[in-house]
Amino acid sequence: MAANQLEDVVQRWRTTEDFKPEDHKLFLNAGHTCIAQGDCTQLLDFIKEEANQHIVRSMGSGLLPRLVNEVQRKDQSSANCQAILNHLVLLQICSVKELLNILLLQVEDSDPNGIADSIVVLMPLIQSVLLRMGEAKAHGLALALDSLQKQISKLPVPYSHKQEQEDVYGLCRSCTAVLTFVQPFVQEVKNQDTNSVATELRAALLKFCMESLREPLLHVQLDREANMTEISPLWNFATEIMAILAVIQESLPKILFYHPLRGKEDTISEKDAYHLNESRACMAYLLFVQLIATEVFPTVFCPVFILQCNMEYINLLLSRCDLHVKSLERVTDCSLSVELLDLKPFHEVPKNLITIMIDCPIQHLRGKSLVVFQLFIEKLNGEAKHTFFRRIMKTSHHAGVESIIIKNIKNQSAYEDSWFEGTLLISLLRDTIILPQGHETDLLHGMDRVMESLNLLRYLLIQERNNSTGIWIDLCHIANSYTKLLRLCLSMSKSYYGTELRRLREDKKIKAKGNTCFVLQCALVTYDLMESLVVRIEEIIEDSQN
């Protein structure tokens, strides 16, 4: 039986400390048998007995994996198994290095369905081991945090408050446990920030915080207003991560704007450098959107500088857009200079916004991207707007986007801005008020651009006919050239669609083709509307000549 087997082992070992491999195997077999048969009380008594301490010190750590598994099962014997674990780990019986290696291996070998349970059970034990490691604790902490975060990154992120409260996969429990785990080391850095151990601990904690920002916080849906009324473990995790950065005396502006890790980026892979930027992007989001840790962020930075520095992170967070909005809202209207458009992020962000507006299948993201795109335009000064409009008209190749730019030209010409007056305005119009494919332009596909172009021409003609700005002749020439070609396109399109509509109406199967008939009717109505605007433009020009 297990009791007799264990007693036989004890009698032979109590007078020696020279244990052989077969002794280790025999000890583990006896211990495992006790655990399997529910004799954990006897095993605990054996481990506590003073005369057996040299035996436990030499071979007791081998019981840890089986004990951890039993504790995670949460059955009747788990309490005694937890007591044995505590005795082996907390009372400093076994070698700390051996204990740490075994416990970290347990973390890494966690069952995919039991990651959170493993973390909750093992965190206090690993913490106790590390606190006894002296100068080696920083290296041990780095290893422990690396193992923990690899496991936490495997847990699905809850995307609603209900999922967060249910915490089915245990991410919230794991994050809470990790925060408790790191607190003694954060406090040690705070109290002893000049010695070498504290310096190494600070490096390990900085890496932990940056990794936590990327996973899981980059993917967490935080809601500041909801958190005011409901307790959110993930909100608390985000807040504590930012607080740890402040406590270990890491300057948030340096991390965000001056990249203190830049020296390391020269020697790390492109993937790792991208991960660092993801972490910084999340930090910017927490700071400027969710207003976490704003009390430790200096107020000396101007909004334009913050926007310029945030653009790289904005490009990573376009799917939520909030960081872009909050950064832009702080910037004064018409203040961004044309030089900024030459910076890569200021080129890529609008380009990616346009991609979302055109291709994203999620409607609210398309709408949000349009809002951000328009807000960005409003922050540009006159010269920057002029340059930006030209760039988009040449590169977007999308009638909807082009109509937005043309509408903005109309709005901007209502203000006294030298970049939208005189020859500069005429030059812009010559490149804008055109039919891209000439007489073969698909008017139905390009309807938005055509309608905005006609509205712009009508507005400018009405505005300029009584002014003496010197652009009337050029404006009339642009309008006449455009409407002449547009009339040709309208004539061809109306003829084609009219013929198709008559053919369908004469078809005996008209009822089966009702949708097609409706589309053709709508197209003809659109062409009539375009033609009415053309007539109005021609009337304005003709009236001014009489």
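Scroll up to find the structure this text is about.
Residues numbered from 1 in each chain as written. Predicted model: local features only at pLDDT ≥ 70, side-chain atom pairs only at ≥ 80, totals over all residues. Heavy atoms only, no water.

### A look at the overall build of the chain
This is how the line gets drawn: Helix and strand assignments come from DSSP, with helices taken as H or I runs of at least 4 residues and strands as E runs of at least 2, each series counted from the N terminus. Classification of residues uses two cut-offs on accessible area relative to the type maximum, computed with a 1.4 Å probe and protein chains only: under 20% is buried, over 50% is exposed, and between them is partly exposed. All accessible areas in this document rest on Shrake-Rupley with a 1.4 Å probe, and a residue is counted as covered only by the protein chains that are shown.
Across its full length, the chain holds 27 helices and zero strands. Scored against the burial criterion, the 546 residues of the chain give a buried share of 49%. Within the structure as shown, the chain displays about 27100 Å² of accessible surface, and the carbon and sulfur contribution to it stands at 51%.

### Here we look at the pattern of salt bridges
Test applied: The salt bridge definition used is simple: a Lys or Arg side-chain nitrogen within 4 Å of an Asp or Glu carboxyl oxygen.
Enumeration over the complete set of coordinates arrives at 17 salt bridges. Note that aspartate 117 and arginine 173 form a salt bridge whose closest N and O atoms lie 3.1 Å from each other. Placement of aspartate 117 in helix H8 (residues 115–131) and of arginine 173 in helix H11 (residues 171–191) is noted, with a sequence separation of 56 residues between them. The class of arginine 173 is partly exposed, set by a relative accessible area of 36%. One salt bridge connects glutamate 278 with arginine 214, and the closest N-O pair in it is separated by 3.8 Å. Here the residue glutamate 278 occupies a position in helix H17 (residues 270–288), and arginine 214 occupies one in helix H12 (residues 196–214), the gap between them amounting to 64 residues. Arginine 214 carries the same exposure label as glutamate 278, and that label is buried.

### Topic: the nonpolar core
Test applied: Residues belong to a common nonpolar core when they are buried Ala, Val, Leu, Ile, Met, Phe, Trp, Tyr or Cys residues joined through side-chain atoms within 4.5 Å. Should any heavy atoms of two residues lie within 4.5 Å, those residues are considered in contact.
By size, the foremost hydrophobic cluster in this structure holds 100 residues, and its most contacted members are Ile126, Phe181, Met242 and Leu286. Residues in contact with methionine 242, not counting those within four places in the same chain, are Leu213, Leu252, Met283, Leu286, Leu287, Ile292 and Ala293. Judged by nonpolar contacts, the second largest core, of 69 residues, contains Ile314, Ile404, Cys489 and Ile541.

### Describing the side chain of glutamine 127
Stated formally: Polar contact criterion, stated in full: a pair of N or O atoms within 3.5 Å, where within protein one must be able to donate a hydrogen and the other to accept it, and residues adjacent in sequence count only if both atoms are side-chain atoms.
Along the chain, the position of glutamine 127 falls in helix H8. Relative accessible area serves as the criterion here: at 18%, glutamine 127 is assigned to the buried category. Reaching out from glutamine 127, the side chain makes a polar contact with the backbone oxygen of phenylalanine 181 at a distance of 3.0 Å. When residues no more than four places from it in sequence are discounted, the contact partners of glutamine 127 are Thr180, Phe181, Pro184 and Phe185.

### Digging into the packing of aromatic side chains
Test applied: Two rings from Phe, Tyr or Trp (for Trp, the six-membered ring) form a pair when their centres are within 6.5 Å of each other. A pair whose planes differ by under 30 degrees is stacked, one over 60 is edge-to-face, and the rest are tilted.
Enumeration over the complete set of coordinates arrives at six aromatic pairs. With centroids separated by 6.4 Å and ring planes inclined at 40°, the aromatic side chains of phenylalanine 346 and phenylalanine 376 adopt a geometry described as tilted. Of this pair, phenylalanine 346 sits in helix H20 (residues 344–359) while phenylalanine 376 sits in helix H21 (residues 363–379), and the two are 30 residues apart along the sequence. A residue is classified by how much of its surface remains accessible, and phenylalanine 346, at 2% relative accessible area, is buried. Judged by relative accessible area, phenylalanine 376 falls into the buried class, the value being 1%. Summarising the aromatic geometry, the rings of phenylalanine 376 and phenylalanine 388 are spaced 5.5 Å apart at their centres and angled 70° between planes, so their arrangement reads as edge-to-face.

### Regarding H8
Where we set the bar: Each helix should span, by expectation, one fewer than its residue count multiplied by 1.5 Å. Throughout, the bend at a residue refers to the angle made by two axes, fitted to the seven residues ending there and to the seven starting there.
Taking 1.5 Å of rise per residue, the 17 residues of H8 would be expected to cover 24 Å, and the 24 Å separating its terminal C-alpha atoms lies within 8% of that figure. Maximum bend of H8: about 40°, positioned at leucine 122, with proline proline 124 one to four residues after it. With respect to burial, H8 is a largely interior element, 13 of its 17 residues being buried.

### Topic: the environment of glutamate 421
Secondary-structure assignment places glutamate 421 in the loop between helix H23 (399–412) and helix H24 (422–432). Exposure remark for glutamate 421: the relative accessible area of 38% places this residue in the partly exposed category. Measuring from C-alpha to C-alpha, the distance between glutamate 421 and isoleucine 471 comes to 8.6 Å, with 50 residues separating the pair along the chain. Glutamate 421 has contacts with Tyr415 and Glu416, leaving out every residue within four places of it along the chain. Within the local environment of glutamate 421, its side chain forms a polar contact with the backbone nitrogen of aspartate 417, the two atoms lying 3.4 Å apart.

### Some thoughts on unusual backbone geometry
Put simply, glutamate 215 and proline 216 share a cis peptide bond, and its omega is 15°. Relative to the helices and strands, proline 216 resides in the loop between H12 and helix H13 (224–227). Phi is positive for aspartate 167, close to 50°, though the residue is something other than glycine. Within the secondary structure layout, aspartate 167 lies in the loop between helix H10 (161–166) and H11. Backbone geometry at histidine 397 places phi at a positive 55°, although glycine is not the residue there. With respect to the helices, strands and loops of the structure, histidine 397 is situated in the loop between helix H22 (382–395) and H23.

### Details of empty space enclosed by the protein
Basically, it comes down to this: Site definitions follow a grid-based scheme: protein atoms alone, a 1 Å grid, a 1.4 Å probe that fits but cannot get out for cavities, and for pockets an open set with protein on both sides within 12 Å along at least five of seven lines, plus lining residues having an atom within 4 Å of a point. Grid points are joined across faces, edges and corners, and a volume is the space filled by probe spheres set on the points. All amino acids are sorted into three groups, where Ala, Val, Leu, Ile, Met, Phe, Trp, Tyr, Cys and Pro are nonpolar, Asp, Glu, Lys and Arg are charged, and the leftover types, Gly among them, are polar.
Applying the stated criterion across every chain yields a total of one cavity of 30 Å³ or more. The volume enclosed by the largest cavity comes to roughly 40 Å³. In terms of lining residues, the largest cavity is bounded by Gln149, Ile152, Val178, Phe208, Ser212, Glu215, Pro216 and Phe237. Of all the elements in the fold, those that place two or more residues in the lining of the largest cavity are helix H9 (137–152) and H12. Here the residues of the lining of the largest cavity sort into five nonpolar, two polar and one charged.

### A look at H22
Over its 14 residues, H22 runs 20 Å from end to end, which matches the ideal 20 Å to within 8%, given 1.5 Å per residue. Gly382, Ala384, Lys385, His386, Phe388, Phe389, Arg390, Ile392 and Met393 are the residues of H22 that are buried. Looking at the buried side of H22, the elements it contacts are H20, H21, H23, H24 and helix H25 (447–464). Taken from the residues just after H22, histidine 397 is the one with a positive phi, measuring 55°.

### Side note on the packing of H24 against helix H26 (residues 472–506)
Note the threshold: To get an axis, a line is fitted to the C-alpha atoms, and for a helix only the part in contact is used. The angle between two axes follows their N-to-C directions and goes from 0 to 180 degrees. An angle counts as roughly parallel when it lies under 35 degrees, as roughly antiparallel when it exceeds 145, as roughly perpendicular when it falls between 65 and 115, and as oblique in every other case.
For the pair H24 and H26, interaxial distance at closest approach is 10 Å and the crossing angle is 5°. It follows that H24 is roughly parallel to H26 by the angle criterion. Each of Ile426, Leu429 and Arg430 in H24 lies in contact with H26, whose residues at this interface are Asp474, Leu475 and Ile478. Per-class residue counts for the contact of H24 with H26 are four nonpolar, no polar and two charged.

### Notes on the environment of glutamate 531
Tracing the backbone shows glutamate 531 in helix H27 (residues 514–545). Sequence separation of glutamate 531 and leucine 486 is 45 residues, and the distance between their C-alpha atoms is 8.7 Å. Beyond its immediate stretch of four places on either side in the chain, glutamate 531 contacts Arg487, Leu490 and Lys494.

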